[in-house]
Amino acid sequence: TYNLTLTQGLLTGGSVQFRDYEQYLQQNALTNLVNPAVAPHMDISIQQPLLQGFGVHVNDRFIRIGQVNLKASREQFRSQLIDLATSVLNLYWDLAGATDELKARRQAAEDAQQFLADTQKEIAAGASPRSDLPVAQGQVARTRQELSIAQNKVGQDEALLKAALSRMEDPALEAADIIPLDQADVPENDDLPPLRQMVATALEQRPD
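Please read these numbers as outputs of a predicted model, since none were measured by experiment. All residue numbers refer to positions counted from 1 along the written sequence of the respective chain. Totals for whole chains, interfaces and linings use every residue, but because this is a predicted model, local features are given only for residues with pLDDT of at least 70 and side-chain atom pairs only at 80 or more, for both listing and counting. Hydrogens are left out, water is left out, and the side-chain values use all remaining heavy atoms of the structure.

**Student:** Got a sec to walk through the overall build of the protein chain? Specific residues and values, please.
**Tutor:** What counts as a helix is a DSSP run of H or I of at least four residues, what counts as a strand is a run of E of at least two, and both are numbered from the N terminus. The secondary structure content of the protein chain amounts to five helices and three strands. Helices and strands appear in the protein chain in the N-to-C order β-β-β-α-α-α-α-α. Its C-alpha atoms give the protein chain a radius of gyration of 41 Å, clearly above 17 Å, the size a compact globule of 208 residues would have. Counting only C-alpha atoms and orienting by the principal axes, one finds that the protein chain spans roughly 145 × 55 × 30 Å. In this treatment the radius of gyration is a C-alpha quantity, and the globule benchmark scales as 2.2 Å times the residue count to the 0.38 power.

Here it is, written out as structure tokens:
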């Protein structure tokens, strides 16, 4: 006995069914006039409700929901990618600014140290009073403190940028120093479109 059934649903709410049924019989009796005997049967049935559950929009709602969810997932991924790239760029420019600040603090510390040495020479030569020495020493101490703060800021920004660039533990990356090669230069002329146009573009292309 062979039995095959194929069913296909329709967006209108109906269904089409094809059925193939076949019996095959072979006996060892000599009195059978028809041996072997085959009895095939095939039929097609179509069912379509006309009231409850009828209509394409009723039955393809899950397909439309799936298409909306697919588009939402794609836009969510684009939003996460934009946020990731933006955060990495912001961390890079924070490190670049901290590096420039460190250079300025290091130069200020060197200048303060040179000023202290010159003040000591002038006091030893009698050209300046000894009351100028505490002022120079205080300036050296202040610039050294500012230099230490700037160094810690650069180290923190480097650690944040390395964590954003790689999620895996890499001793070579942890030991390496990140040296920014770009500087935040302010252009003389801003060739930007009008504010309303930029806002309209942002609203049109935003992932959400």
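**Student:** Now, about the confidence of the model for the protein chain: what can you tell me, with residues and values included?
**Tutor:** Model confidence for the protein chain is summarised by a mean pLDDT of 90, while 100% of its residues fall at 70 or above. Confidence scores differ between elements of the protein chain, with helix α1 (residues 56–59) showing the lowest mean pLDDT of 86 and strand β1 (residues 2–9) the highest of 95. For every residue, the predictor assigns a confidence score, pLDDT, that lies between 0 and 100.

**Student:** Quick rundown of the environment of D20? Include the residues and the values.
**Tutor:** Among the secondary structure elements, D20 is positioned in strand β2 (residues 15–25). Measuring from C-alpha to C-alpha, the distance between D20 and M168 comes to 59 Å, with 148 residues separating the pair along the chain. What D20 contacts, discounting residues up to four positions off in sequence, is Y2, N3, L4, H41 and M42. Note on definitions: a residue-residue contact is assigned when non-hydrogen atoms from the two residues lie within 4.5 Å.

**Student:** An account of the pairing of β1 is requested, with residue identities and associated values reported.
**Tutor:** Regular strands place side chains that alternate from one sheet face to the opposite one. Only protein chains enter the calculation, and the probe is 1.4 Å; a residue is then buried if its accessible area is under 20% of its type maximum, exposed if over 50%, and partly exposed in between. Counting buried positions over the eight residues of β1 gives zero, only a small fraction of the element. At least two bridges found by DSSP between two strands are what make those strands a pair. Relative to β2, β1 runs antiparallel, the two being bridged by eight bridges. Pairing of T5 across the sheet is with R19, part of β2. In this structure, the hairpin formed by β1 and β2 is closed by a connection of five residues, where G13 is found at a positive phi of approximately 105 degrees.

**Student:** Tell me about the sheet that holds β1, and name the residues and values.
**Tutor:** The sheet built from three strands is open, its strands ordered β1-β2-β3 with antiparallel pairing. Each of the sheet's edge strands pairs with one partner strand only, and the pair in question is β1 and β3 (37–47). Ignoring strand direction, the axes of neighbouring strands in this sheet form an average angle of 5 degrees. Each axis is a line fitted through C-alpha atoms, and for a helix only the stretch in contact is used; angles between axes span 0 to 180 degrees, taken between their N-to-C directions.

**Student:** For the pairing of β2, give the residues involved together with the corresponding values.
**Tutor:** Both β2 and β3 contribute to a ladder of eleven bridges, which runs antiparallel. Bridge pairing in β3 links D20 to M42.

**Student:** Give a description of a nonpolar patch on the surface that names residues and reports values.
**Tutor:** Think of a patch as exposed residues, more than 30% relative accessible area, with no salt bridge, where like charges cluster within 9 Å and nonpolar side chains (Val, Leu, Ile, Met, Phe, Trp, Tyr) cluster within 5 Å. The method behind every accessible area is Shrake-Rupley, applied with a 1.4 Å probe, and residues are considered shielded solely by the protein chains displayed. Salt bridges are identified by distance alone: a Lys or Arg side-chain nitrogen within 4 Å of an Asp or Glu carboxyl oxygen. A contiguous nonpolar patch, built from L192, L195, M198, V199 and L203 and spanning about 490 Å² of accessible area, is present on the exposed surface. Along the polypeptide, M198 turns up in helix α5 (residues 195–205). Owing to a relative accessible area of 33%, M198 belongs among the partly exposed residues under this scheme.

**Student:** Any details on unusual backbone geometry? Residues and values, ideally.
**Tutor:** Note the cis peptide between N35 and P36, where omega equals 5 degrees. In this structure, P36 sits in the loop between β2 and β3.

**Student:** Quick one: what's the story with helix α2 (residues 61–125), residue by residue and with numbers?
**Tutor:** With 65 residues, α2 extends 94 Å between its outermost C-alpha atoms, agreeing within 8% with the 96 Å of an ideal straight helix rising 1.5 Å per residue. G126 occupies a position one or two residues after α2 and carries a positive phi of about 80 degrees. What a helix should span is 1.5 Å times the count of its residues minus one.

**Student:** For the packing of α2 against helix α3 (residues 132–165), give the residues involved together with the corresponding values.
**Tutor:** Across the interface, α2 lies against α3 with an axial gap of 8 Å and an inter-helix angle of 160 degrees. With respect to α3, the element α2 is oriented roughly antiparallel. Seen along the crossing, α2 lies across α3 with a hand that is left-handed. Between 65 and 115 degrees an angle is taken as roughly perpendicular, under 35 as roughly parallel, over 145 as roughly antiparallel, and anywhere else as oblique. Whether a crossing is left-handed or right-handed is set by the direction in which the near helix is turned from the far one by less than a right angle, anticlockwise for left-handed and clockwise for right-handed.

**Student:** Can you tell me about the pattern of salt bridges, naming the residues and giving the values?
**Tutor:** Using the criterion set out here, one finds seven salt bridges in the structure. With a closest N to O distance of 2.9 Å, R78 and E75 form a salt bridge. Here R78 and its partner E75 are both found in helix α2, three residues apart, which amounts to about one turn of the helix. In this structure, R105 engages E101 in a salt bridge whose closest nitrogen and oxygen atoms are separated by 2.7 Å.

**Student:** Report on the nonpolar core, specifying residues and quantitative values.
**Tutor:** Throughout this description, the term nonpolar core refers to a set of buried Ala, Val, Leu, Ile, Met, Phe, Trp, Tyr and Cys residues connected via side-chain atoms within 4.5 Å. V88, L91, Y92, L95, A98, L102, A109, L147, A150, V154 and L161 form the largest nonpolar core, which has eleven residues in total. Counting only elements with at least two residues in this core, the list comes to α2 and α3. Examining the composition of this core, we find that seven residues originate from one element, α2, more than from any other. With six residues, the next largest nonpolar core counts A112, L116, I123 and A136 among its residues.

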